[in-house]
Amino acid sequence: MTFVTADRCRARLERLTQILVFSFPGSTIYQHTDLLRVPHDALSHKVDAVLLDAEMEKTNSLDLVQKLRRQKPDLPIFITSEAYDHYESAVVAGTNGYFVLPDSEQKLLEAIRLAKARRTYHDDCH
């Protein structure tokens, strides 16, 4: 699988990468601490999911979600956070899920698997 991840905290980004690599062996993961770099990888590659930190600086993660939705409507986009502060905004922006880490790591992985299964089924039916 291929993921684009973004988190302002390098330690959390590394932890998320470890979880993804362990859970989805052989994955390619594009890591970013700068949200402005995410669109290039998310739109230039065949990406299975984008995982964004809700509190990213320089631009709003939720604005980026809306931009990605316009250009790749079926791309699974998940928001990660340390708290539920941005939950309602994330839902309105059209994310596939909002996960408080590290408490919800397993739920996040399940949501990624489900999104992958849905996309595979959708691709097989068309």
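The sections below set out a description of the structure shown in this document. Note that this is a predicted model, so its numbers are computed, not measured. (Residues numbered from 1 in each chain as written. Predicted model: local features only at pLDDT ≥ 70, side-chain atom pairs only at ≥ 80, totals over all residues. Heavy atoms only, no water.)

Comments concerning the sheet that holds strand β4 (residues 77-81)
Hydrogen bonds between backbone atoms are what pair the strands of a sheet, whose relative direction is either parallel or antiparallel. Strand order in the open sheet formed by five strands is β2-β1-β3-β4-β5, with parallel pairing between adjacent strands. Every interior strand has two partners, whereas the edge strands, β2 (28-32) and β5 (97-100), have only one. For this sheet, the mean angle separating the axes of adjacent strands, direction not counted, is 20 degrees. Here five bridges tie strand β1 (residues 2-6) to β2, and the two strands are oriented parallel to one another. Residue pairing for β2: Val 4 is matched across the bridge by Tyr 30. Packed on one face of the sheet, helix α1 (residues 10-23) meets β1, β2 and β3 (49-53) and runs near 170 degrees to β2. (Pairing = 2+ DSSP bridges. Helix = DSSP H or I, 4+ residues; strand = E, 2+ residues; numbered from the N terminus. Axes fitted to C-alpha atoms, helices over the stretch in contact; angles between N-to-C directions. Contact = heavy atoms within 4.5 Å.)

Some details on the nonpolar core
Taken as a class, soluble globular proteins show a tendency for nonpolar side chains to be buried jointly. Ranked by size, the top nonpolar core spans 21 residues in total, and within it Val 38, Val 50, Leu 52 and Ile 79 carry the most contacts. Of all the secondary structure elements, the ones that give two or more residues to this core are β1, α2 (38-44), β3, α3 (61-71), β4, α4 (87-93) and β5. With four residues, α3 is the single largest residue contributor to this core. With 16 residues, the next largest nonpolar core counts Phe 3, Leu 16, Phe 24 and Leu 108 among its residues. (Core = buried A, V, L, I, M, F, W, Y, C linked by side-chain atoms within 4.5 Å. Buried < 20%, exposed > 50% of the residue type's maximum accessible area, 1.4 Å probe, protein only.)

Notes on the side chain of Ser 27
Within the secondary structure, Ser 27 is located in the loop between α1 and β2. Using a relative accessible area of 15% as the deciding quantity, one classes Ser 27 as buried. From its side chain, Ser 27 meets the backbone oxygen of Phe 24 in a polar contact 2.5 Å long. Not counting residues up to four positions away in its chain, the partners in contact with Ser 27 are Met 1, Phe 3 and Leu 20. (Polar contact = N/O pair within 3.5 Å; in protein donor to acceptor, adjacent residues only side chain to side chain.)

Observations concerning a nonpolar patch on the surface
On the surface, a cluster of nonpolar side chains totalling about 330 Å² of accessible area is made up of Tyr 84, Tyr 87 and Val 91. Tracing the chain through its elements places Val 91 in helix α4. Accessibility expressed as a relative area gives 46% for Val 91, which makes it partly exposed. (Patch = residues over 30% accessible without salt bridge, like charges linked within 9 Å, V, L, I, M, F, W, Y side chains within 5 Å. Areas by Shrake-Rupley, 256 points an atom, 1.4 Å probe, with all protein chains shown as cover. Salt bridge = Lys/Arg side-chain N within 4 Å of Asp/Glu carboxyl O.)

A short note on the side chain of Asp 7
Residue position: Asp 7 is located in the loop between β1 and α1. The exposure class assigned to Asp 7 is buried, which follows from its relative accessible area of 4%. Here the side chain of Asp 7 touches Cys 9 through a polar contact of 2.8 Å, landing on its backbone nitrogen. Among residues more than four places away in sequence, those in contact with Asp 7 are Arg 12, Leu 13, His 32, Thr 33, Asp 53, Met 56 and Thr 80.

Digging into the packing of aromatic side chains
Inspection of the entire model under this criterion finds five aromatic pairs. An angle of 55 degrees between the planes, with centres 6.1 Å apart, marks the rings of Phe 78 and Phe 99 as tilted. Taken as a pair, Phe 78 in strand β4 and Phe 99 in strand β5 lie far apart in primary sequence, 21 residues in all. Relative accessible area serves as the criterion here: at 9%, Phe 99 is assigned to the buried category. Ring centres 5.5 Å apart and planes at 85 degrees place the aromatic pair Tyr 87 and Tyr 98 in the edge-to-face group. With Tyr 87 in helix α4 and Tyr 98 in strand β5, this pair connects stretches of sequence that are eleven residues apart. Since its relative accessible area comes to 8%, Tyr 98 is described here as buried. Each residue in the set Tyr 84, Tyr 87 and Tyr 98 is aromatic and connected to the rest through ring pairs, giving one cluster. (Phe/Tyr/Trp six-rings, centres within 6.5 Å; stacked < 30°, edge-to-face > 60°.)

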